[in-house]
Each structure stands twice: as structure tokens, then as C-alpha cells.
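# Reading the structure
One-letter residues, chain by chain:
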Amino acid sequence: MFQDRLQSLLVPALQGAFQQLFGHAIEAKAIGFQQTRPEFEGDVTINVFPFLKLSGKGPEQTAQAIGEFLVKEVDVVERFNVVKGFLNIVIADSYWLGFLKEAGDRDILQLEPVSPSGAKDKVMVEYASPNTNKPLHLGHLRNIFLGYSVSRILKAAGHEVVKVQVINDRGIHICKSMLAWQKFGNGETPESSGLKGDKLVGKYYVEFDKAYKSEIDALVAAGKSKEEAEKEAPILLDAQEMLRKWEANDPEVRALWEKINGWVYAGFDATYARAGVDFDKNYYESQTYVLGKADVLEGLKKGVFYEKDGAVWVDNTAEGLDEKVLLRRDGTSVYMTQDIGTAIKRFEEYPGLSKLIYTVGNEQDYHFKVLFIILKKLGFVWADELFHLSYGMVDLPSGKMKSREGTVVDADDLIDEVVTEARKTGEQLSKLDGMGEAEKAALFEMIGLAALKYFLLKVDPKKRMLFDPAASIDLQGHTGPFIQYTYARIKSLLRKAGESAVVCAELSGQAGQLTTDKSSLLSEERTVIKLLHQFPAVLNEAATKLDPSSLANHAYEVVKAYNSFYQAIPVMKEEDEGKRAFRLALSAAVADTTKKAMWCLGIEVPERM
RNA sequence: GACCCCGUAGCUCAGCUGGAUAGAGCACCUGCCUUCUAAGCAGGCGGUCGUUGGUUCGAAUCCAACCGGGGUCGCCA
């Protein structure tokens, strides 16, 4: 956990303690804070084992001495106890109440920019790179939700963010769809068939594959070897011919290409809109695939690359990697080449850009390692600020997703399913009487998407994850809807109490009064406040590590603690006005924090559910 | 074969800059709605943290080897 404000308050005091008591300076980093375990009294625990050599005393005496020093010198340290080498510190209620009051006064979540310079960083996040020959699937969703959440987290941490996608709109894959549509489509369009554009084009990609396979079978039956047949099937040759025509700017092929891709974009846009994500800029491979060649030749001239067998190579063996071709013998580019050119172009287009994040699956770990090394070798200072946000593959209970075998989970279908499930549950509970149909539909959409997004985001992005369809539509337990539910419940409470702004103002008046009573905080209240207090540090950590999962898990801990509080402690029914106001303010702070955390995950929260 | 990632409860996952008796959710079992939304709360069951060594006052966490799973190593994208 990153240092929170309490810790940054205690560190100088601890350094002073070591200086005065034992005559030694200690580094801030050397002090390990931890949450005090629930079975002991205290809020923060410091482990003194590492300092025994400095103190020259036993663990108990060392901890005792430090504890006494802190109580004397630091206002917020109220008392302490020592268990073995652990110094458990009790922080005064006034500190916690002060924090909550401040949270009500300004925004609890307003953070300073995390860059060392203190300046706003401009960060580009690439978080989608679909091929245009088939619809989006579950794997794309993990990619998209992850990247979108990271962009939100960076914004919340004070950065300027440019969200981009790369559309792989050219190549043999799209020619296959185009060809199959031409041959078998009978002029079918999204309008004539009622099919979503990307679905329609995907259908013809499958049609191509079917035709291709039967041609192979026929050739093999006629005596060809399998390898020969795979290379010589007429429909494949036609597709390759189409690609050549595309590259030669053949007007007919280009017109067809524009039409087919147009359908796909309309389909993608519909899915993105429903998923609640958006982009500031689209890059099209048809425009970027020519980039990079000049840069590679430039590198060749400078001696960064070398020529062998007529091709241009880079040698990364010194970095523990291999040699890699950058320009083929015929002078044409490979994938790496255009990635080099595209990166350079992006930094030219966005002069203030300080960081570029690629949200791409971990099967491309090697590719990005090589790409970053090459750009560094070419002398770009920003090469150190490139980051591959690498995420693990999504598995199904039945195993890997394979488009060939039809085991892919379609993105639109999946969203339909979770929304349907949310509706089923929502209508069963019948809490929504008096709500209009349109409003209900929007709510179920919100809940279903929360279930799906949270399910994909709560897991460490690096890790391969198992997608269990039954678990993903679960609305109970450690889920997005559980968090939404807590939020809605608090909002209901606040509605009963009047506007939350009023509540916070009330707290401002009440906090002073409450602080005079040293034991006024109940343990349930204290637990919740402490979790809220951690939020800025958690957000900071998420922004630094580019990892939404820690934030997702923290949001869950907060609402879980709040639910325990809510169940055990009366709020509106509390007769003491001061206590009631305080508990309402605490509730409001939980709602605000939850909303912000969920915003960072790209998940909306409802006013009632 | 080389390199990279992963291995924690029946299942899915937290915890990993070393620290107290390893935590959640799901599933299963017990309670709690005449009181602020039960999509909830309280409790129970469930673990040789893949294995073996090493470093350390202390290892799920660091190091090494091995076992098991996945990925990548193309003049493909």
C-alpha cells in the first residue's frame, strides 16, 4: 500500500524519535506500516524488529520508548500498546473526524498529479485494436474495460489522457470477408438482413473459411498434399489477388472495402456505445502501415540496424533477445516496422505527450519488448515512457476461446445476457414500483454492465483468468451490483435526510463537538472511516501501477464495511442529533468515494435499485 | 530447445517493497426482514500457500532447482 496522509504525518515523527532516543537517522522507506490486526487495539502498527540493531534494546523496550515519544510529540497519537515487537498506535478520533470533515468540505478524492514534476502529464492510452473482419468478443471486452479504466484512473489522478484505438482495417483477413460477401452474399446488407454490420461481415468471414476448407478437401481428394492444397485453393488465391488490387488502389476493390468496413464500424460503434467507452482518436492501419520504413532506413544509415541477405535487421542479442527483420528483401514492411512508425507519429502529433500505454494481450510481450528497445536504439528520449499494459488471456470453463471452433463468446450476446439477468432479478425483487419502463431498462443495463465489468476488472490484469458465465452474471457477493446496491441504499437514506450537501454542512458544525468526546467513535464507524482514508493512496497506487484491480477490491472492502455498519447501527433512527448527523455524513462520504471508485472502473452507480 | 508469465480453501480470486493465528466471494450448513432497500447482515465448514532446498530473528511473499499449466520465439499480423 502506498503511503497515506496519516503515514506521511507519522514518518517525520518517527525519524525524530530515532534521532532523539537512539541517536540514529532512519530512512522513511525503512518504516513498515501495517493495519493493526482486529484482535488488538490500535489503528496503525509499526514493526520495530528491523530497528533493534539501532536501538540496542529488546523489541518491547524499543517499541515502548517509541510509543511514549509519539504520544508526547504527536497530537493525533492518543495511546499505544506493545505486543512482542509490534507497536500498536491508537489514533485520536479527532484525526478521523477531521479527515471526514475535510472530505465533506472539499472533495475527498481530489488528488495532486502523481508525476514528480507536479505538472500535468499527457498520457496516451491505446486500448482497442480490433480486426474488421469479425465482431468483438469477450477477449476484446477485457482489453477495452481494462484500458478504459486505466484512462479514467489516470484522469482521476490528475493527468490529461488521450484515448485511442487502432483499427486493423486492411489485410488478407478483410479481403476474405469481402470476397465471400461478393461471391455468396447476393447483395445482402445490414438493412436488408437486419443484421448488425460487424455480425454480417463476420458471417462472411466464416463463409470464406467454409468454402476454403471444402476446396482444400477437394484438392486433397484429387491427389494434392495438404500443404499444397492450403496454398493453392482458388478462393484463397482470389483473396490474395484482391489484396494486391487493394494495394494497387483498384477503385472497385477500394469501394467494396469502404462499404464493408463502414458496416463494421457502425457495428463496433454500437457495441462501444453500449459498453460505455469512447475514443478521442482512431488510427487506421490502412494509413499507418506505410509508416516506419523511412525511420528504419534512417536507422540503417546511422548504423543502428544492419543489412543481411538484402533485408534490414536489428540485433537485440545484447539485450538477451534475438535478431529481427524490419524490412524484407523486397523492401516491404513487417508489422514491427509500422509500429515503429506509428509510435513516432504519435509523439509528433501530440508534442506534450509524456507517456504512451499499449493495452494489448500478453501474447505480444515479446513484440513490445523488441519495439521499445528499437525505439530506444533510434534515440527517442520518450522510449523509456512506453508501456505495454499486458493482460492475460480469458479462458472459458470449456477451455480456450477459439474462433475456428465457434467457442468465442460474442460481446453483444454477453452484454445481452448480463442485462437480462439483471432484469430478472430486479423484477423479482419488485423494489422498483412506480419506475417507468425506459428508466427500468436503463437501470438493468447499468446493473448488468456493472456485473460484467467488475467481474473482468477485479482480477489482476496480468493474470490469465477464467470466465465463468454463471459467476459473471452473479449479482451477489463480491460483484459490481453489490457495490451499486450499497450506493443506492445510501442514496435512499440521504434522500430521507434531505440533500447530502446539507448533511455535510451539518457535519462541519458537528465535528468540533464530537471531537471533544474521545471515545465517541464506534468500532463500525471507525472501520469505515479508515477504509475511506486509504482511498487516495489506493488510487495513487492504481495510477502508478496502471492496475484497476486494487481499486476494485478496495471499493468492495469499503461497501462491505459500510454494510456491516448499516446493519448494526441506526442512522436516521438515532435520536442524538449530533450522532445522526455524523452517521449521515459518514454515509455520504462512502457514497461519494464509491461513486468515484466506480467511475474509475468505468461503472455507473444508480440512485435506487 | 531457449526465453517470459502463472501455481494460495471444492471453485473463482485477494494478500507478494519479508512480519502477529493466511483473507474474501461462490458452493454447503445455522440464525436474522411488525425497525433506515435482505441484491443485505451475523456465524459455521473448508488451507502441507505446487515440491524441495537456501537467505533471515521471521518466508505465501526474496533466491535456486524441480514438477505442473500457459505463452512467445516467421523476410505472419
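Just so we're clear, the structure is a prediction, and the values are computed from it rather than from any experiment.

Topologically, Val 44 is positioned in strand S2 (residues 44–47). For the pair formed by Val 44 and Ile 91, sequence separation is 47 residues and the distance between their alpha carbons is 7.7 Å. Sequence-distant contacts of Val 44, defined by excluding residues within four places in its chain, comprise Leu 6, Phe 33, Gln 34, Thr 36, Leu 87, Asn 88, Ile 89 and Ile 91.

Let's shift gears to empty space enclosed by the protein. As enumerated under the stated definition, the model contains two cavities of 30 Å³ or more in all. In this structure, the largest cavity encloses a volume near 80 Å³. Taken together, Asp 4, Leu 6, Gln 7, Gln 34, Gln 35, Asp 43, Val 44, Trp 96, Lys 530, His 533 and Gln 534 form the lining of the largest cavity. The element that contributes the greatest number of residues to the lining of the largest cavity is helix H21 (residues 523–545), accounting for three residues. Of the residues assigned to the lining of the largest cavity, the class counts are three nonpolar, five polar and three charged. Of the volumes computed, that of the second largest cavity is approximately 40 Å³. Broken down by secondary-structure element, the contributors of at least two residues to the lining of the second largest cavity are helix H5 (138–156), helix H17 (437–457) and helix H22 (548–568).

Domains assigned within chain A are domain 1 (5–91) and domain 2 (171–277). Distance from the C-alpha centre of domain 1 to the C-alpha centre of domain 2: 68 Å.

What follows concerns the sheet that holds strand S3 (residues 77–83). Here four strands make up an open sheet; going across it, the order is S1-S2-S4-S3 and the pairing antiparallel. This sheet does not close on itself; its edge strands, each paired only once, are strand S1 (33–35) and S3. Here the average twist between neighbouring strands, direction ignored, is 30°. Sheet analysis places S2 next to strand S4 (residues 86–91), joined by four bridges and oriented antiparallel. In the strand pairing of S4, Ile 46 is matched with Leu 87. Lying over the sheet, helix H1 (residues 5–22) contacts S1, S2, S3 and S4, oriented at roughly 135° with respect to S1.

There is about 970 Å³ of room inside the largest pocket. Around the largest pocket, the lining comprises 39 residues; the ones closest to its centre are Ser 129, His 140, Glu 363, Gln 364 and Tyr 391. Of all the elements in the fold, those that place two or more residues in the lining of the largest pocket are strand S5 (122–128), H5, helix H12 (285–288), helix H14 (335–349), strand S11 (353–361) and strand S13 (394–395). In terms of residue count, H14 provides more of the lining of the largest pocket than any other element does, five residues in total. Residue composition of the lining of the largest pocket, grouped by class: 16 nonpolar, 14 polar and nine charged.

For the rest of this paragraph, the subject is the side chain of Thr 62. Looking at the element boundaries, Thr 62 is found in helix H3 (residues 59–73). A distance of 2.9 Å separates the side chain of Thr 62 from the side chain of Ser 55, its partner in a polar contact. Discounting residues that sit within four places of it in the chain, Thr 62 has contacts with Phe 22, Val 48, Leu 52, Ser 55 and Lys 57.

Right, let's get into the protein's contact with RNA strand B. Taken together, 60 residues sit near RNA strand B, with Lys 431, Arg 464, Tyr 485, Tyr 566 and Lys 573 positioned nearest. The share of sugar and phosphate among atoms of RNA strand B within 4 Å of the protein is 59%. Within the side chain of Lys 573, a nitrogen or oxygen atom sits 2.5 Å from a base oxygen of RNA strand B. Interatomic distance of 2.7 Å between a backbone N/O atom of Met 609 and a base nitrogen of RNA strand B. Secondary-structure elements contributing two or more residues to the surface near RNA strand B are S2, S4, strand S9 (311–315), helix H15 (365–377), strand S14 (465–466), helix H19 (480–497) and H22.

So, about the environment of Ala 25. If you trace the backbone, Ala 25 turns up in the loop between H1 and S1. As for Ala 25 and Leu 54, which are separated by 29 residues in sequence, their C-alpha atoms are 9.1 Å apart.

Attention now goes to the packing of aromatic side chains. In this structure the tally under the stated criterion is 21 aromatic pairs. Ring plane angle 70° and centroid distance 5.5 Å describe the contact between Trp 181 and Trp 263, whose orientation is recorded as edge-to-face. Placement of Trp 181 in helix H6 (residues 172–184) and of Trp 263 in helix H11 (residues 251–275) is noted, with a sequence separation of 82 residues between them. On the basis of relative accessibility, which here comes to 12%, the residue Trp 263 falls in the buried class. Ring geometry for Phe 368 versus Phe 372: centroids 5.9 Å apart, planes at 50°, classification tilted. In this pair, Phe 368 and Phe 372 are both assigned in helix H15, four residues apart and thus about one turn of the helix distant. Taking relative accessible area as the criterion, Phe 368 reaches 3% and is therefore assigned buried. Assessed through its relative accessible area of 15%, Phe 372 is described here as buried.

About the criteria used
Residues numbered from 1 in each chain as written. Chains lettered and ligands numbered in written order. Predicted model: local features only at pLDDT ≥ 70, side-chain atom pairs only at ≥ 80, totals over all residues. Heavy atoms only, no water. Helix = DSSP H or I, 4+ residues; strand = E, 2+ residues; numbered from the N terminus. Contact = heavy atoms within 4.5 Å. 1 Å grid on protein atoms, 1.4 Å probe; cavity = no way out; pocket = protein on both sides within 12 Å on 5 of 7 lines; lining within 4 Å. Points joined across faces, edges and corners; volume = space filled by probe spheres on them. Nonpolar A, V, L, I, M, F, W, Y, C, P; charged D, E, K, R; others polar. Domains from an automatic or database assignment. Pairing = 2+ DSSP bridges. Axes fitted to C-alpha atoms, helices over the stretch in contact; angles between N-to-C directions. Polar contact = N/O pair within 3.5 Å; in protein donor to acceptor, adjacent residues only side chain to side chain. Near = heavy atom within 4 Å. Phe/Tyr/Trp six-rings, centres within 6.5 Å; stacked < 30°, edge-to-face > 60°. Buried < 20%, exposed > 50% of the residue type's maximum accessible area, 1.4 Å probe, protein only.

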